[in-house]
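Understanding the architecture of this molecule
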Amino acid sequence: MENNLLNVQPTLQNQLVIATPLQEKDFEALFAVASDPLVWEQHPNKNRYQREVFENYFTGAMESGGALLVKDADTKEVIGSSRYSEYDSTVGVISIGYTFFKRSHWGKGYNYALKSAMLNHIFPSVDAVDFYIGAGNKRSQVSIEKFGAIKIREQNMAYFGEPSQPNFVYRITREEWEHLRTGHLILI
């Protein structure tokens, strides 16, 4: 990723989450979250709960230069991960994705809190953010639509070291995000 002008591994914090740059030492704590097969049941690669498969995911996260470890702001326990990727400076677009959370934190606003912090951080530097979501991942599709992102296309995408899979691409622009920020928050 070309990120010489962007800080794609910031430390972000709000009332629900703390996101910090992912480090090699975080593997075991993050794998403990990822080792639940139900976390991945709708993702394109349903086997990421297996150590060897997750090792590939983690290597991709480290090599991306934009991966974040996510903790519960109250308990400080590791609850997931996300990352910035695919920055295209020619059109001012970056992606946010590869996000997963511990099931105990689903549906309680943690995803929204993290994505809000990530968007607030990156939008002064980009015009739009894309989200790549597996075509079969209905839970994430509904979540990102509640978030305000709009489906703009379908495309096959190969995640790091994995075969190409059908994905839906959702986008939110800086202007759309500013409009949504002034409205009410939806817990997802």
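A brief report on the enclosed structure follows.

Things to note about the overall build of the protein
- What the protein contains, in helices and strands, is five helices and eight strands.
- Taken over C-alpha atoms, the radius of gyration comes to 15 Å for the protein, in line with the 16 Å a tight globule of 188 residues would show.
- With respect to the principal axes defined by its C-alpha atoms, the protein has extents near 40 × 40 × 35 Å.
- Taken across its 188 residues, the protein has 48% of its residues classed as buried.
- For the protein, the accessible area works out to roughly 9,000 Å², and carbon and sulfur atoms hold 50% of it.
- Positive and negative side-chain charges in the protein, numbering 19 and 22 respectively, have mean positions lying 6 Å apart.

What to know about the pairing of strand E7 (residues 150–158)
- Pairing analysis gives eight bridges linking E7 to strand E8 (residues 164–173), with the strands arranged antiparallel. The residue of E8 that forms the bridge with Met157 is Gln165.
- The hairpin turn running from E7 into E8, its antiparallel successor, is five residues long, and Gly161 in that turn takes a positive phi close to 65 degrees.

Considerations on the pattern of salt bridges
- All told, the structure shown has eleven salt bridges when counted by the stated rule.
- Across the salt bridge formed by Glu55 and Arg51, the nearest N and O atoms sit 3.6 Å from each other. Placement of the pair is Glu55 and Arg51 together in helix H2 (residues 51–64), with a separation of four residues, close to one helical turn.
- Residue class for Glu55 comes out partly exposed when judged on its relative accessible area of 35%.
- The class of Arg51 is partly exposed, set by a relative accessible area of 35%.
- Lys102 is the salt-bridge partner of Glu77, the closest N and O atoms lying 2.6 Å from each other. Placement of the pair is Glu77 in the loop between strand E3 (67–72) and strand E4 (78–88) and Lys102 in the loop between strand E5 (93–101) and helix H3 (110–122), with a sequence separation of 25 residues.
- Overall, the relative accessible area of 30% leaves Glu77 in the partly exposed class.
- Relative accessible area serves as the criterion here: at 29%, Lys102 is assigned to the partly exposed category.

Let's talk about the sheet that holds strand E6 (residues 128–134)
- Ordered by their spatial adjacency, eight strands build an open sheet running E1-E2-E3-E4-E5-E6-E8-E7, and the pairing between neighbours is mixed. Looking at which strands have only one partner, the edges of the open sheet turn out to be strand E1 (12–13) and E7.
- Note that E5 and E6 share three bridges and pair parallel. Looking across to E6, one finds that Ser95 is bridged to Asp130.
- In the packing of H2 onto the sheet, contacts are made with E3, E4 and E5, and the angle to E4 comes to roughly 50 degrees.
- Those strands touched by helix H5 (residues 174–181) are E7 and E8, and its axis lies near 65 degrees from that of E8.

Notes on the packing of helix H1 (residues 27–34) against H2
- Running from N to C, H1 and H2 point in directions that differ by 120 degrees, and their axes come no closer than 11 Å. Overall, the two elements H1 and H2 adopt an arrangement that is oblique. Where H1 crosses over H2, the two elements pack in a sense that is right-handed. Residue-level contacts link Phe27, Glu28, Leu30, Phe31 and Ala34 of H1 to Arg51, Phe54, Glu55 and Phe58 of H2.
- Grouping the amino acids of the contact of H1 with H2 by side-chain chemistry returns six nonpolar, no polar and three charged.

Definitions and cut-offs
Residues numbered from 1 in each chain as written. Predicted model: local features only at pLDDT ≥ 70, side-chain atom pairs only at ≥ 80, totals over all residues. Heavy atoms only, no water. Helix = DSSP H or I, 4+ residues; strand = E, 2+ residues; numbered from the N terminus. Rg over C-alpha atoms; globule rule 2.2 N^0.38 Å. Buried < 20%, exposed > 50% of the residue type's maximum accessible area, 1.4 Å probe, protein only. Areas by Shrake-Rupley, 256 points an atom, 1.4 Å probe, with all protein chains shown as cover. Lys, Arg positive; Asp, Glu negative; His and termini not counted. Charge placed at Lys NZ, Arg CZ, Asp CG, Glu CD. Pairing = 2+ DSSP bridges. Salt bridge = Lys/Arg side-chain N within 4 Å of Asp/Glu carboxyl O. Contact = heavy atoms within 4.5 Å. Axes fitted to C-alpha atoms, helices over the stretch in contact; angles between N-to-C directions. Parallel < 35°, antiparallel > 145°, perpendicular 65-115°, else oblique. Left-handed = near helix turned anticlockwise from the far one by under 90°. Nonpolar A, V, L, I, M, F, W, Y, C, P; charged D, E, K, R; others polar.

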